[in-house]
Amino acid sequence: MNQIIEKHVSTWADGKTFPASYVVPSGKRPGDNVVPTVPNIPVIDLSKSQSSHRKEIVQQIIEAAQHFGFFQVINHGVPWRLMDDAIGVFKEFFELPSEEKSRICLEEQSRKFSLFTSSSDYDKETHHFWRDATTHSCTPLEECIQYWPSKPLRYREVVGNYVVNVRELGSRLLELISEGLGLEHGYFAKELSQEPVLVANHYPPCPDPSLTLGAGKHCDPNLITILLQEDVPGLQFVNNGEWISVEPIPYAFVVNIGLQLQIISNGKLRSMEHRVVTNAVKSRTTSAYFIEPRKECFIEPAKAVLSAENPSNYKGVLYKELVKITRAAFIE
Ligand code: OGA
Ligand code: NI
């Protein structure tokens, strides 16, 4: 069997096995800390953004992005059926027998699709994380799809359709955010969002969730991330020094602000650290759509947000530097 596939959590997790290399150092463990679930993050009804309530919705998004860096959206226009189907095919893929996954991935492994475990820097990690994941390039979609898994049979059709829908949602959200920041129409629409990536995460049940993490503490490097999660909690973020868990709301998306948008907004919108905890009972599958630019894109505060009273708080950086910083923090 392909050696890396042998390391995948879904290959060996049986509800009992707990390799010592998955124990995170004390101080970083979820432990027995009771994480308050209130206040939950703001829930924003996007259907109102097409009416006379648009200004209000813009305001709600900006406030949530300032205070929490996270919010959830409902009535977002992505069909519920498609959300179920997408999670369904991701689950089916991760639950394929290892030999099968190994074969598909040897065939499909390319810059447009990859399967990894723990983090994208497995060999550099001092401890591992309880997850398997896949990344999908999305532009141009018709070309990238050819490199995605051909099994389960509906995978390419469902995930392709999902990407078209979530891309549309992303454009709407970025337009609302640009209005809220006082930026010109279409500000985010070109280079700043040119190379979105879809990641599917799979966190199998873990015999001792107090000792390990599904994903280490990190910020996302990009503009915004649109997360689809099952009805199983696991995502937590830092708020006033405390870990707050994001309660799943059926058919809502979780949206969070990445470092790129924090810089462009000159620090007004905040990219908050987050992590994933596991649970002993259910597997959890999620899908994160990262809206991001090319690696060589130069990121700096938008001119329109700067003034004599609000001078620039950031030196410009290449996007690849943000990726490097967030990857290094993830495996700390
Ligand atoms: C990520 C992430 C959260 C989750 O993929 O960057 O933070 O709940 N995922 O899977
Ligand atoms: Ni993240």
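This text follows the structure it describes.
If you're wondering where the values come from, they're calculated on a predicted model, not measured in any experiment.

Caption draft 1: Geometry of the site of ligand 1. Taken together, Asn201, Tyr203, His218, Asp220, Leu227, Leu235, His274, Val276, Arg284, Thr286 and Phe290 are the residues near ligand 1. Between ligand 1 and histidine 218 there is a distance of 3.1 Å, counted from an oxygen atom to a side-chain nitrogen or oxygen. Here aspartate 220 contributes a side-chain N or O atom positioned 3.3 Å from an oxygen atom of ligand 1. If you tally residues by element for the shell around ligand 1, the top one is strand E12 (residues 284-291), at 3 residues. Within the shell around ligand 1, the residues separate by chemical class into 5 nonpolar, 4 polar and 2 charged.

Caption draft 2: Representation of the packing of helix H3 (residues 54-67) against helix H7 (residues 155-181). With their axes 9 Å apart at the nearest point, H3 and H7 run at an angle of 90° to one another. Between H3 and H7, the interaxial angle falls into the category roughly perpendicular. Contacts between H3 and H7 involve Arg54, Ile57, Val58, Ile61 and Ile62 on the former and, on the latter, Leu173, Glu175, Leu176, Ile177, Glu179, Gly180 and Leu181.

Caption draft 3: Structural view of the environment of alanine 302. Checked against the element boundaries, alanine 302 lands in the loop between strand E13 (298-299) and strand E14 (317-318). On a C-alpha basis, the gap between alanine 302 and leucine 181 in space is 9.4 Å, while along the polypeptide they are 121 residues apart. Once residues lying within four places of it in the same chain are set aside, the contact partners of alanine 302 are Leu183, Tyr187 and Ile264.

Caption draft 4: Examining the sheet that holds strand E6 (residues 215-218) more closely. On the basis of which strands lie adjacent, the open sheet formed by 4 strands has the order E6-E11-E8-E9 and antiparallel pairing. Each end of this open sheet is capped by a strand with a single partner; those strands are E6 and strand E9 (242-245). Here the strands of the sheet are splayed against their neighbours by 25° on average, with no regard to which way each runs. The sheet contact formed by strand E8 (residues 235-239) and strand E11 (residues 274-276) spans 3 bridges and is antiparallel. The residue bridging phenylalanine 237 from the neighbouring strand is histidine 274, located in E11.

Caption draft 5: Structural detail: the packing of aromatic side chains. With the rule as written, the count across this model stands at 12 aromatic pairs. Ring geometry for phenylalanine 90 and tyrosine 155: centres 5.8 Å apart, planes at 75°, overall edge-to-face. Note that phenylalanine 90 is positioned in helix H4 (residues 80-94) and tyrosine 155 in helix H7, a separation of 65 residues in sequence. Comparing phenylalanine 90 with tyrosine 155, the two get one shared label, buried.

Caption draft 6: Structural view of the nonpolar core. Core analysis: the largest hydrophobic core is formed by 69 residues, its most contacted members being Leu173, Phe188, Ile224 and Phe253. No other element matches the 12 residues that H7 contributes to this core. If you look at the next biggest cluster of nonpolar residues, it comprises 16 residues, including Phe116, Phe237, Met272 and Ala288.

Cut-offs and rules
Residue indices follow the written sequence of each chain, beginning from 1 at its first position. To read the labels, note that chains go from A and ligands from 1, taken in the order they are written. The predicted origin of the model limits local features to residues at a pLDDT of at least 70 and limits the giving and counting of side-chain atom pairs to 80 or more, whereas totals for whole chains, interfaces and linings rest on all residues. For the side-chain quantities, the full set of heavy atoms in the structure was used; hydrogens and water were omitted. Each residue is tested against the molecule or strand, and it is near if at least one of its non-hydrogen atoms lies within 4 Å. As used in this structure description, the phrase polar contact means that two N or O atoms lie within 3.5 Å; if the pair is within protein, one of them must be able to donate a hydrogen and the other to accept it, and residues adjacent in sequence are counted only when both atoms belong to side chains. Strands here are runs of E lasting at least two residues and helices are runs of H or I lasting at least four, both read from the DSSP assignment and numbered beginning at the N terminus. Gly falls in the polar group here, along with every residue not listed as nonpolar (Ala, Val, Leu, Ile, Met, Phe, Trp, Tyr, Cys, Pro) or charged (Asp, Glu, Lys, Arg). Structural elements are reduced to axes, namely lines fitted to C-alpha atoms, with helices fitted over the stretch in contact, and the angle between N-to-C directions of any two is expressed from 0 to 180 degrees. Put simply, angles under 35 degrees are roughly parallel, angles over 145 are roughly antiparallel, angles from 65 to 115 are roughly perpendicular, and the rest are oblique. Contacts: residue pairs with any heavy atoms within 4.5 Å of one another. Should DSSP find at least two bridges between two strands, the strands are regarded as paired. Note on ring pairs: Phe, Tyr and Trp rings are taken, using the six-membered ring of Trp, and paired if centres are within 6.5 Å. Classes follow the plane angle, with under 30 degrees stacked, over 60 edge-to-face and the rest tilted. Only protein chains enter the area calculation, which uses a 1.4 Å probe; residues under 20% of their type maximum are buried, those over 50% are exposed, and those in between are partly exposed. To define a nonpolar core, start from buried Ala, Val, Leu, Ile, Met, Phe, Trp, Tyr and Cys residues and group those joined through side-chain atoms within 4.5 Å.

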